[in-house]
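Chain by chain, the residues run as shown.
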Amino acid sequence: MKSYLKNIWHGVTTTAKGMRLTWRHFMTKPTTIQYPDPGEETYFSPYERGLHEFEPEKCIVCYLCAKACPVDCIRIEEDKGERKGKQKVLTVYEIDYNKCLFCELCVDPCPVDCIHMGQQYDLASFDRTEHVKIDFMNGEGPWRTAKTSAHPDAGLRGHLEGKD
Ligand code: SF4
Ligand code: SF4
């Protein structure tokens, strides 16, 4: 009889413990993000490695980033016939996101700190050919977005606000 009552008591207390945990989670705000609903912005670590951000006016066309890339997915072209003083003129800076590993190995070698890993992660599209290769010199890509961890002040948002 004693062990029978003990078993009942054990069942009640363990159920109460489990329900306490259940209720705690029931009352907590869910962390699920309803992507892609408007206003549903998620938190990113400052170390997030999303689509690149590029500052073309700083680039000295040294090709160090392309040489460091382990999968050879950066294509750089310059205008051989034109120079701005001693400065080469960049015409194409394209990254093939079919191949990119988001490894960040292209960022460190840059002597002028003009290529960064951004926080744009959204590569979803309805067409496979869209967004796969981004030419940053053609106004494509999310370069200089406001979310960059490398340059929080130099963002597209800040750029547009400066124009208004
Ligand atoms: S993140 Fe890595 S794979 Fe992508 S372009 Fe840079 S070096 Fe290449
Ligand atoms: S390493 Fe920097 S400066 Fe050199 S080509 Fe790449 S982005 Fe331009």
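One can find the structure itself at the top, above this paragraph.
This section reports on the structure supplied with the text. Keep in mind it's a predicted model, so treat the numbers as computed, not measured.

## With respect to the overall build of the protein chain
- Scanning the protein chain from N- to C-terminus turns up three helices and five strands.
- Listing the helices and strands of the protein chain from first to last along the sequence gives α-β-α-β-β-β-β-α.
- The burial tally for the protein chain puts 27% of its 164 residues in the buried class.
- Of all intrachain contacts in the protein chain linking residues separated by at least 6 positions in sequence, the fraction that spans at least 24 positions is 66%.

## Considering the side chain of Asp96
- Topologically, Asp96 is positioned in strand 3 (residues 87-96).
- Here Asp96 is buried and forms no salt bridge, its nearest opposite-charge partner Lys133 lying at an N-O distance of 4.4 Å.
- From its side chain, Asp96 meets the backbone nitrogen of Asn98 in a polar contact 2.9 Å long.
- Not counting residues within four places of it along the chain, the set of residues in contact with Asp96 comprises Cys73, Val132 and Lys133.

## Some thoughts on the site of ligand 1
- Around ligand 1 sit 13 residues in total, of which Cys69, Cys100, Leu101, Cys103 and Cys106 are the nearest.
- Among the residues forming the shell around ligand 1, the class breakdown is 11 nonpolar, one polar and one charged.

## Side note on the pairing of strand 2 (residues 74-84)
- Relative to strand 3, strand 2 runs antiparallel, the two being bridged by eight bridges. Note that in strand 3 the partner of Arg75 across the bridge is Glu94.

## Focus: the site of ligand 2
- Close to ligand 2 lie 14 residues, the nearest being Cys59, Cys62, Tyr63, Cys65 and Cys110.
- Here the shell around ligand 2 is composed, by residue class, of 14 nonpolar, no polar and no charged.

Reading the values: the criteria
- Residues numbered from 1 in each chain as written.
- Chains lettered and ligands numbered in written order.
- Predicted model: local features only at pLDDT ≥ 70, side-chain atom pairs only at ≥ 80, totals over all residues.
- Heavy atoms only, no water.
- Helix = DSSP H or I, 4+ residues; strand = E, 2+ residues; numbered from the N terminus.
- Buried < 20%, exposed > 50% of the residue type's maximum accessible area, 1.4 Å probe, protein only.
- Contact = heavy atoms within 4.5 Å.
- Lys, Arg positive; Asp, Glu negative; His and termini not counted.
- Salt bridge = Lys/Arg side-chain N within 4 Å of Asp/Glu carboxyl O.
- Polar contact = N/O pair within 3.5 Å; in protein donor to acceptor, adjacent residues only side chain to side chain.
- Near = heavy atom within 4 Å.
- Nonpolar A, V, L, I, M, F, W, Y, C, P; charged D, E, K, R; others polar.
- Pairing = 2+ DSSP bridges.

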